[in-house]
Structure formats: C-alpha cells, structure tokens
Amino acid sequence: MAVINKTNYHDEQNRQNILKMRAVLETLPSFCKTFFRGIEEYTSARTRLAYAYDLRLFFEYLHEQNTICAKMDLKDIPLTLLDNLTRLDIEEYLEYMSLYQKDGKDITNEERGKARKLAALRSFYNYFYQSELIQNNPAALVPLPRLHEKEIIRLEPNEVAQLLNQVEDGTKLTKKELEYHKKTKIRDVALMTLLLGTGIRVSECVGLDLNDVNFDVCGIKIRRKGGYEAVVYFGEEVETALLDYLEEREHVIPMDGHENALFLSLQNRRMTVRAVENLVKKYASRVTTLKKITPHKLRSTYGTTLYQESGDIYLVADVLGHKDVNTTRKHYAAQEDERRRKAAQYVKLREK
C-alpha cells in the first residue's frame, strides 16, 4: 500500500510563495537571481516574495523613467546600472511610489509602504556592495521615511462581550447571512473565542491542525512567523468553545488534502486567511461602526487586556510572539505612560 505524504498548511504556503517568487524572477534582470540565492538561508519564502514584488516595481519604474533602461528589455538591465544610480534616483523613485498608475488605477503608498520598499532596496544594494560586485551603495544614504505611530484600535471589554454574543445569536445578521449562520455558528464561536482568548495571528489560526490542540495542557501548537513552533495556552472559555466545535467537526467529511485542518469552510476545505478576515468583519460591523475591526485588532485587544491585567510587558511579548520586546513596548507605550501617571497617586509624602 502506497503511503501518501501530505504537506501541512505552512509547508504548502512556503511552496506556493517559492513558486510565485520564481515566476516574478523570470521578469527581472538576471542578476537578481544571485541576490535571492544569497539571502535564502536567513529569510522566509514570504519575505523573499515581498522583496521580489518590490524590486519588480523598482525596475519597472526605471524602465519607464530612466532613458538608458527604456532602450533595453527589463531582463537585460545590467548589474552595472546599480553603480550608476545616485541617492537622488532612489529618492525620486520613492516619491513616485507615493502615487502612480498601474492598469488604469491609482496606487498610493504612505510612509510604511515606502519604508518597506526602501528596506527591500537597501537589502538588495547591501548584498551586491558587500559582495564587492558594485562600488556604490546609494540606497544606504536615503533615510527611512519617518513613521507616524498609529493609535492601537481595540475592542473594549463590553464590545468583546457584544461581539461574542452576536456570533452566538446572530440577531443583527441579514436573512441570507442567517442561513449560513445556522451552519457555521459553532465553528464561528470557537474561532472568534480562540482569536480573542489567545491573541494568535490569523495565519497561525488557519494553519492549525487537529493534532495541534492539546486539552491535557489546554494549549495549541502554532507555527510563528519565521517558522519556529510555540505553544500558546488557553483558558476555560476557549476550551469549552473548541470542545463544542470538535464534537461537530467529527461528523464532517473533509475534502482530500484537508483532513487534518482544524477549521473547515462550508466546502469542507481548510479556511483561508481571507475567509477569517471576512468573518471577523461581518460580525464586528454589527457591534461597532466607529472601529474597523480585523483579526489583527482582536490580537491587539488580547494584548491590551493581558498587559492591563499582568503589567508584564515581557509576558505580553512572549505570548504574542514578538522577537523584540521593544516591538511590544512601542505598541503599548500609551498604556505604560498611563501606568506611570498612576504611580504619582500611589506615594503620599504627608498625611492630610
């Protein structure tokens, strides 16, 4: 009897990203392949794909705006061109990225979008500069755009309760949505409770397999960004919701290749990131119209609550899977300031 090896969700995502990146590489100058081979050991397939998309934009811009590049095919642009570009060329490219047209549509990039594109260019230039294949590194001379910190959007405790109530009873859903709700209610309650009760990323959620859930320790094994595994623990409310769903899940016959998936769609396939995003949007829009709630905002809600209850920024960083605690501190700096303000009220110098 032949043994069929079934890849897990994360391995399949990596495979798809590698194939997409190779397709993009076929449209880029040939020397770009050297760069992607050089960074393969310390970058994820997802990061390399993002770099490939950003570099394609850069070379498409050069092909349209640079008189030398306009005369040759995109794939024939030589490595020597990098040496001839200046800091001004890079700055003009970033300015162009603020607003440009593609396929008849206006595309905009704010500070974060331009910072990502510059980061890709810096990595690209650094590789060839450090390899002594070029003599100039103008990308290193361009400062990263100053990022304006965004206020953390999260749900208040009463909104969390309202959201879960809405998932359970669906009172504000349309007639058509209620038809689907009858079939997905138990799954949706388990999924939303898990996101709110653990703070895991949406990609980590859809990547969960049945054997990743361990009720003996009340934990789930997830694959973090970067590929490493971690165990995240859950409380009684999450446990109850998952057990209810798994009882129903036992009676579902998944599509081939999706047998191990924890959360299944109505087509009995592993749920996608987009499907979960739409699910969160559907229910959250019935609770609050002032906040645009996404799965990441549910993660922020969890992180906020955990920090308020524990006061331990290192614990929050660890549970959320932040490699650098400064990332966590940056997100929750406003709360830290509020805690410091309260400190002024704790110490009394004289009895009144």
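Each remark here, short or long, concerns the structure printed above.
Residues numbered from 1 in each chain as written. Predicted model: local features only at pLDDT ≥ 70, side-chain atom pairs only at ≥ 80, totals over all residues. Heavy atoms only, no water.

Caption draft 1: Quick look at the overall build of the protein chain. Summing up its helical and strand segments, the protein chain has 15 helices and 5 strands in all. For the protein chain, the spread of C-alpha atoms along the principal axes amounts to about 80 × 65 × 40 Å. For the protein chain, with 352 residues in total, the buried portion stands at 41%. Long-range contacts, defined here as pairs at least 24 residues apart, represent 60% of the contacts in the protein chain between residues at least 6 apart. Carbon and sulfur atoms provide 49% of the accessible area of the protein chain, an area that totals close to 21,600 Å². For the protein chain, the centre of its 55 positive side-chain charges and the centre of its 52 negative side-chain charges are spaced 3 Å apart. (Helix = DSSP H or I, 4+ residues; strand = E, 2+ residues; numbered from the N terminus. Buried < 20%, exposed > 50% of the residue type's maximum accessible area, 1.4 Å probe, protein only. Contact = heavy atoms within 4.5 Å. Areas by Shrake-Rupley, 256 points an atom, 1.4 Å probe, with all protein chains shown as cover. Lys, Arg positive; Asp, Glu negative; His and termini not counted. Charge placed at Lys NZ, Arg CZ, Asp CG, Glu CD.)

Caption draft 2: Highlighting the pairing of strand β5 (residues 229-233). Only one face of β5 is buried: it carries Ala 230 and Val 232, and the other face, with Glu 229, Val 231 and Tyr 233, is open. Bridge count between strand β4 (residues 219-223) and β5: 5 bridges; the pairing is antiparallel. Of the residues in β5, the one forming a bridge with Gly 219 is Tyr 233. Hairpin geometry of β4 and β5 is characterised by an intervening segment of 5 residues between the two adjacent antiparallel strands and by a positive phi of about 100 degrees at Gly 226. (Pairing = 2+ DSSP bridges.)

Caption draft 3: Highlighting the packing of aromatic side chains. Tallied over the entire structure, the rule returns 17 aromatic pairs. Judged by centre distance (5.2 Å) and plane angle (80 degrees), the ring pair of Tyr 127 and Phe 128 falls under edge-to-face. (Phe/Tyr/Trp six-rings, centres within 6.5 Å; stacked < 30°, edge-to-face > 60°.)

Caption draft 4: Region of the structure containing unusual backbone geometry. Notably, Asp 103 is not glycine yet its phi reads approximately 55 degrees, a positive angle. Examined against the element boundaries, Asp 103 turns out to sit in the loop between β1 (99-102) and β2 (105-108). Since its relative accessible area comes to 74%, Asp 103 is described here as exposed. You will see that Cys 218, though not glycine, has its phi angle at about 55 degrees, which is positive. Structurally, Cys 218 is set in the loop between β3 (213-214) and β4.

Caption draft 5: Structural detail: the state of the cysteines. Across all of its chains, the model carries 0 disulfides by this definition. For the unlinked cysteine Cys 32, the closest cysteine sulfur is that of Cys 69, found at 12 Å. Residue Cys 32 is classed as buried on the basis of its relative accessible area, which comes to 0%. Looking at the unpaired Cys 218, the closest cysteine sulfur is the one in Cys 205, lying at 17 Å. (Disulfide = S-S within 2.5 Å.)

Caption draft 6: A look at the pairing of β1. With 4 bridges connecting them, β1 and β2 associate as antiparallel partners. Counted as the bridge partner of Gln 101 is Asp 106 from β2. Two successive antiparallel strands, β1 and β2, enclose a turn made up of 2 residues, where Asp 103 displays a positive phi of approximately 55 degrees.

Caption draft 7: Examining the sheet that holds β5 more closely. Pairing is antiparallel in the open sheet, where 3 strands are placed in the order β3-β4-β5. Each edge of the sheet is formed by a strand with only one pairing partner; in this case those strands are β3 and β5.

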